[in-house]
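What follows is each chain in one-letter form.
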Amino acid sequence: KAYLAGRRLDYGVATWNGWYPSSRAGDSSPRIVIPGTITPRGPFWQARTMTGGEPRYQSPGGERDGAVIVVRPYRAPCVCVITEGPMDALVAAMYGHMGIAVMGNTPGQTTVETISGIILAGQPDLLFIPDLDSPGSFVAMMGVFSAHGFRCRLVLPPSKDLASCTDAERTALLCL
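Since the model is a prediction, treat every value here as computed from it, not as a measurement. (Residues numbered from 1 in each chain as written. Predicted model: local features only at pLDDT ≥ 70, side-chain atom pairs only at ≥ 80, totals over all residues. Heavy atoms only, no water.)

**Thoughts on the overall build of the protein chain**
A count of helical and extended segments in the protein chain gives six helices and nine strands. Against the compact-globule benchmark of 16 Å for 176 residues, the protein chain has a radius of gyration of 15 Å, which places it among compact chains. Counted over contacts in the protein chain with a minimum sequence separation of 6, partners at least 24 positions apart contribute 58%. Mean positive and mean negative side-chain charge positions of the protein chain (15 and 14 charges, respectively) differ by 6 Å. (Helix = DSSP H or I, 4+ residues; strand = E, 2+ residues; numbered from the N terminus. Rg over C-alpha atoms; globule rule 2.2 N^0.38 Å. Contact = heavy atoms within 4.5 Å. Lys, Arg positive; Asp, Glu negative; His and termini not counted. Charge placed at Lys NZ, Arg CZ, Asp CG, Glu CD.)

Shown next, in the form of structure tokens:
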């Protein structure tokens, strides 16, 4: 709870989405375990260190098979925000949007297919917020979704990523 509060992240929304602390998520470091989607190999998860150091994230070994992290808000969302990391997706959910983290700056076709299966038919608006240093693959992903009739918009955060933005910057990006 203190770690999330220190990053201005909502503990309630995180636990609502099944996030929990553990010291047995691949090593003995205290981590936040973040459930992901089901893959052909089983459930995917990421575990973020709360104390710093490397590795920042632990996850099941092998290919991700298009796994993503979905963070849902308390109420039904009207916009889906695609981000690079789970903390960014948590920020989107804090502002009432569905956050989907692709976990990396080079999402492949399988990841696009996973996202397509998650997005609700009545939810055609997609907002892409990549990390500031790697917007290229998000532009390509936008093209795929635009070609399938989704209204897509890309905005770049003024800081490294959405989670590191100030509250005012988050509001400017997410209060549509």
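**Looking at the environment of Val139**
Tracing the backbone shows Val139 in helix α5 (residues 136-147). According to the relative accessible area criterion, Val139 is partly exposed, its value standing at 47%. Val139 sits 100 residues away from Thr39 along the chain, and the two C-alpha atoms are 25 Å apart. (Buried < 20%, exposed > 50% of the residue type's maximum accessible area, 1.4 Å probe, protein only.)

**Quick word on the sheet that holds strand β8 (residues 125-129)**
Spatial strand order, β5-β7-β6-β8-β9: five strands in an open sheet with mixed pairing. Unpaired on one side and paired on the other, β5 (69-71) and β9 (151-154) mark the two borders of the sheet. In this sheet, adjacent strand axes meet at a mean angle of 20 degrees when their direction is disregarded. Sheet strands touched by α5: β6 (79-83), β8 and β9. Its angle to β9, the strand with the most contacts, is close to 165 degrees. (Pairing = 2+ DSSP bridges. Axes fitted to C-alpha atoms, helices over the stretch in contact; angles between N-to-C directions.)

**Looking at the packing of aromatic side chains**
Counted according to the given criterion, the structure contains four aromatic pairs. Plain terms: the ring middles of Trp16 and Tyr74 are 5.3 Å apart, the flat faces sit at 70 degrees to each other, and that makes the pair edge-to-face. Here Trp16, found in helix α2 (residues 11-16), pairs with Tyr74, found in the loop between β5 and β6; they are 58 residues apart in sequence, far enough to count as distant. On the basis of relative accessibility, which here comes to 52%, the residue Trp16 falls in the exposed class. An angle of 80 degrees between the planes, with centres 5.7 Å apart, marks the rings of Phe145 and Phe150 as edge-to-face. Look at Phe145 and you get buried, because its relative accessible area is 1%. By way of ring pairs, the aromatic residues Phe128, Phe138, Phe145 and Phe150 are connected into one cluster. (Phe/Tyr/Trp six-rings, centres within 6.5 Å; stacked < 30°, edge-to-face > 60°.)

**Let's talk about the side chain of Arg31**
Within the secondary structure, Arg31 is located in strand β2 (residues 31-39). In terms of polar contacts, Arg31 uses its side chain to reach the side chain of Asp27, at 2.9 Å. Here Pro55 takes part through its backbone oxygen, which lies 2.9 Å from a polar atom of the side chain of Arg31. When near neighbours in sequence (up to four residues on either side) are disregarded, Arg31 contacts Tyr20, Pro21, Ser22, Ala25, Ala47, Arg48, Thr49, Met50, Pro55, Arg56, Tyr57 and Gln58. (Polar contact = N/O pair within 3.5 Å; in protein donor to acceptor, adjacent residues only side chain to side chain.)

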